[in-house]
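Breakdown of the fold
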Amino acid sequence: MTSKAEGFSTKAIHAGQSPLQWSHRAVVPPLVMSTTFQQDGPAEFKDFDYGRSGNPMRKVLETCLAALEDGEHCITFSSGLGATTSITSLLETGDHLLAGDDLYGGTNRFIQNCLKKQGITYSFTDMTKVENVINAIQPNTKMVWLETPTNPLMKLINIKDVADSLKSHRQDIILVVDNTFLTCYFQKPLELGADIVIYSLSKYMNGHSDVIMGAAITNKHDLAKRLRFFQNAMGIVPSPFDCFMVNRGLKTLELRMQQHMKNSLAVAKFLESHPCVERVFHPYLPSHPQHELALKQTTGHSGMISFYLKGDERKFLKELKIFTLAESLGGYESLAELPSLMTHASIPEDMRLALGITDKLIRLSVGIETEQDLIADIKQALDACQ
Ligand SMILES: *Cc1c(COP(=O)(O)O)cnc(C)c1O
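All values reported here derive from a predicted model rather than from experimental measurement.

1. Remarks on a nonpolar patch on the surface
Together, L31, M33 and F241 make up an exposed nonpolar region whose accessible area comes to about 280 Å². Inspection of the secondary structure puts F241 in helix α9 (residues 240-250).

Structure (C-alpha cells):
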C-alpha cells in the first residue's frame, strides 16, 4: 500500500500488511520468531540475516508506524528510553542539548544522568515562549527536545514557531518532539517542522498496557540511517512478539483516541464544576490558557488531565474504584497518580515546585470505560476527600 491519501484507520489496518507479501497469504501478519534466516550463499540473503538486525514482524510494524505518521522512516526500540538513548547518540562529546523544563520524569532523569558521562551538556527551559528557546541556544547546541502537551501540566509548546525560529537561526540543530501524549492521530510534529518524532509506544500507540517499546520517526535519510545503525549496534531492539502486539494495538488507535478525547473532556468539565477542585488542565477546556493553540496545532486531546485538589490527596486516590492508582498512561483503563511522589519524584524538588508539581496535583489517564461510570467514580472520591 503506497497511497498517502487513505484514511488513518485504513493505514493502521493495511499499511505494510498486504497478504501478497507472504506465500501463505495470511491476513494477519505472521509472527516470525526465528532469530536467523537461511542464506543462498555466504552473505547472500534476502531481507533478513539475523534477528537483532531485522525481523519480518518488526518490518511490518515500522512500515505501518511510518505510514500513520506520514513519515519516511520508522525505527523501533526496546522502550521509549531506548529510543531516547539512540536519538541522543546522534550527539557528540562537547555538544549541548536544550530540553523543555516539564518533561516525562524518565526522560528528565536520562538527560541529567546519562549525558554527562559522554561529555554532553544540557539545560532546561520553559518552551511555551519561543523566545526562551532562542535565548537558551548556545553555540554548541545541536539538539532541541520538547514534549507537547507537557507532563503533567498540559502546557502547550508551539511546534511550528519553535521549528521556524530555530531553523532561521541555525540549520544544524535537530528538533526532537516527543508525541507520546497525543499520538499521530491528534498531532503531526513532522508536518510542523520537527526533524524526529519520538514515541513511547508503551502508552497510547499500543494502548493496552502490555508492551514496553519505543520508536523514532523521521523524514531525514541521514538521521534514519544513523538511528538504524544504533538500533542494531547498541542492541536496543524490540522482540518480534512485542512488535506483533503493538501492530495489533494500532488497529484501534483511531477508535480509542476518539473515546479518550470524549471521556477526558467530560471528566475535565465535571472536575471544573466541583468545589473540591482548584484548577483543571485540559487543552480543550476553554479555560486552558492555550486553548487557541490547541485548536490550531492538534485535532484533539488524549485522556491526559491534571488538576489541583482542595481536599486530601491520599484519601481521594484511596477512594477511587474504577481509576486505578498506578503510574503510566495511555491504556484503555483509567489510571490516577500523584506526580510529586510517583512519575516526577526523580525531578529535583526545587525544579518540581517551580513547575507547580505540588502534592495537590493529581494526574489522570482517562480510559475508554463508560463516561458516566468514570464521572460517578470521580464524584464519590471528591465528595469523600473534603
Ligand atoms: C513513558 C514515556 C517515555 C518513556 O517510555 P518507556 O517506553 O517507558 O521507556 C517517554 N516519554 C513520555 C512522554 C512517556 O510518557
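Following the structure, the description resumes.
2. Looking at the sheet that holds strand β6 (residues 196-200)
Within the open sheet, the seven strands sit side by side as β1-β7-β6-β5-β4-β2-β3. Their pairing is mixed. In the strand order of this sheet, the two ends are held by β1 (73-77) and β3 (121-125), each with one partner. Direction aside, neighbouring strands of the sheet carry axes that sit 20° apart on average. Sheet analysis places strand β4 (residues 141-147) next to strand β5 (residues 174-178), joined by five bridges and oriented parallel. Paired with E147 across the strands is D178, a residue of β5. This element, helix α3 (residues 80-88), spans β1, β4, β5, β6 and β7 (214-218) of the sheet and lies at about 155° to β6. Together, β2 (96-100), β3 and β4 form the strand contacts of helix α4 (residues 105-114), whose direction differs from that of β3 by roughly 140°.

3. Some remarks on the site of the ligand
Contacts to the ligand come from 15 residues, most closely from G80, D178, S200, S202 and K203. D178 places a side-chain nitrogen or oxygen 2.7 Å from a nitrogen atom of the ligand. Contact with the protein chains removes 94% of the 380 Å² of surface that the ligand exposes when unbound. Of the residues that constitute the shell around the ligand, the class distribution is six nonpolar, six polar and three charged.

4. Thoughts on the domain arrangement of the protein chain
When the domains of the protein chain are assigned, the result is domain 1 (8-250) and domain 2 (253-384). The gap between the C-alpha centroids of domain 1 and domain 2 is 26 Å. Taken together, the 40 residues of domain 1 in the interface contact 44 residues of domain 2. Interface area for domain 1 against domain 2, summed over the two sides, is near 3,400 Å², with a carbon-plus-sulfur share of 60%. Across the domain 1-domain 2 interface, the total number found is zero salt bridges. Inspection of the region where domain 1 meets domain 2 yields 21 residue pairs in polar contact (both at pLDDT 80 or more). Those elements giving two or more residues to the side of domain 1 that touches domain 2 turn out to be α1 (8-14), α4, α6 (159-169), α7 (183-186) and α9. For the side of domain 1 that touches domain 2, the element with the most residues is α4, which contributes four residues. Looking at the side of domain 1 that touches domain 2 residue by residue, the class counts come to 18 nonpolar, 16 polar and six charged.

5. Observations concerning the side chain of H344
Inspection of the secondary structure puts H344 in the loop between β11 (335-337) and α13 (349-355). In this structure the side chain of H344 is engaged in a polar contact, spanning 2.8 Å, whose partner is the side chain of T343. Excluding residues within four positions of it along the chain, H344 makes contact with L103, G105, N151, P152, P339, R352, I357 and R363.

6. Re the packing of aromatic side chains
Scanning the entire structure with this criterion turns up seven aromatic pairs. Here F8 and Y185 contribute two aromatic rings whose centre-to-centre distance is 4.9 Å and whose plane-to-plane angle is 65°, an arrangement assigned as edge-to-face. Of this pair, F8 sits in helix α1 while Y185 sits in helix α7, placing them 177 residues apart in sequence. Taken as a pair, F8 and Y185 share a single burial class, namely buried. Judged by centre distance (5.5 Å) and plane angle (40°), the rings of F37 and F48 are tilted. In this pair, F37 is assigned in the loop between α1 and α2 (56-69) and F48 in the loop between α1 and α2, connecting sequence segments eleven residues apart. Residue classification places F37 among the buried residues on the basis of a relative accessible area of 18%. Since its relative accessible area comes to 15%, F48 is described here as buried. In textbook terms, an aromatic cluster arises when at least three aromatic residues are bridged by ring pairs, as seen for F8, Y185 and F186.

7. Some thoughts on the pattern of salt bridges
Tallied over the full model, the rule gives 15 salt bridges. Note that K11 is salt-bridged to D70, the shortest N-O span being 2.8 Å. Remark: D70 occurs in the loop between α2 and β1 and K11 occurs in helix α1; sequence separation between them is 59 residues. For D70, a relative accessible area of 23% puts it in the partly exposed group.

8. Notes on the pairing of β7
In terms of burial, β7 is largely enclosed, as five of its five residues are buried. What you see with β7 is no split at all: G214, A216 and T218 on one side and A215 and I217 on the other are buried throughout. Strand direction decides the pairing type here: β1 and β7, joined by five bridges, are antiparallel. Note on β7: the bridge partner recorded for T76 is A215. Pairing analysis gives five bridges linking β6 to β7, with the strands arranged antiparallel. Among the inter-strand pairings, I198 is bridged to a residue of β7, identified as A216.

Thresholds applied
- Residues numbered from 1 in each chain as written.
- Predicted model: local features only at pLDDT ≥ 70, side-chain atom pairs only at ≥ 80, totals over all residues.
- Heavy atoms only, no water.
- Patch = residues over 30% accessible without salt bridge, like charges linked within 9 Å, V, L, I, M, F, W, Y side chains within 5 Å.
- Areas by Shrake-Rupley, 256 points an atom, 1.4 Å probe, with all protein chains shown as cover.
- Salt bridge = Lys/Arg side-chain N within 4 Å of Asp/Glu carboxyl O.
- Helix = DSSP H or I, 4+ residues; strand = E, 2+ residues; numbered from the N terminus.
- Pairing = 2+ DSSP bridges.
- Axes fitted to C-alpha atoms, helices over the stretch in contact; angles between N-to-C directions.
- Contact = heavy atoms within 4.5 Å.
- Near = heavy atom within 4 Å.
- Polar contact = N/O pair within 3.5 Å; in protein donor to acceptor, adjacent residues only side chain to side chain.
- Nonpolar A, V, L, I, M, F, W, Y, C, P; charged D, E, K, R; others polar.
- Domains from an automatic or database assignment.
- Buried area = accessible area lost by both parts, 1.4 Å probe.
- Phe/Tyr/Trp six-rings, centres within 6.5 Å; stacked < 30°, edge-to-face > 60°.
- Buried < 20%, exposed > 50% of the residue type's maximum accessible area, 1.4 Å probe, protein only.

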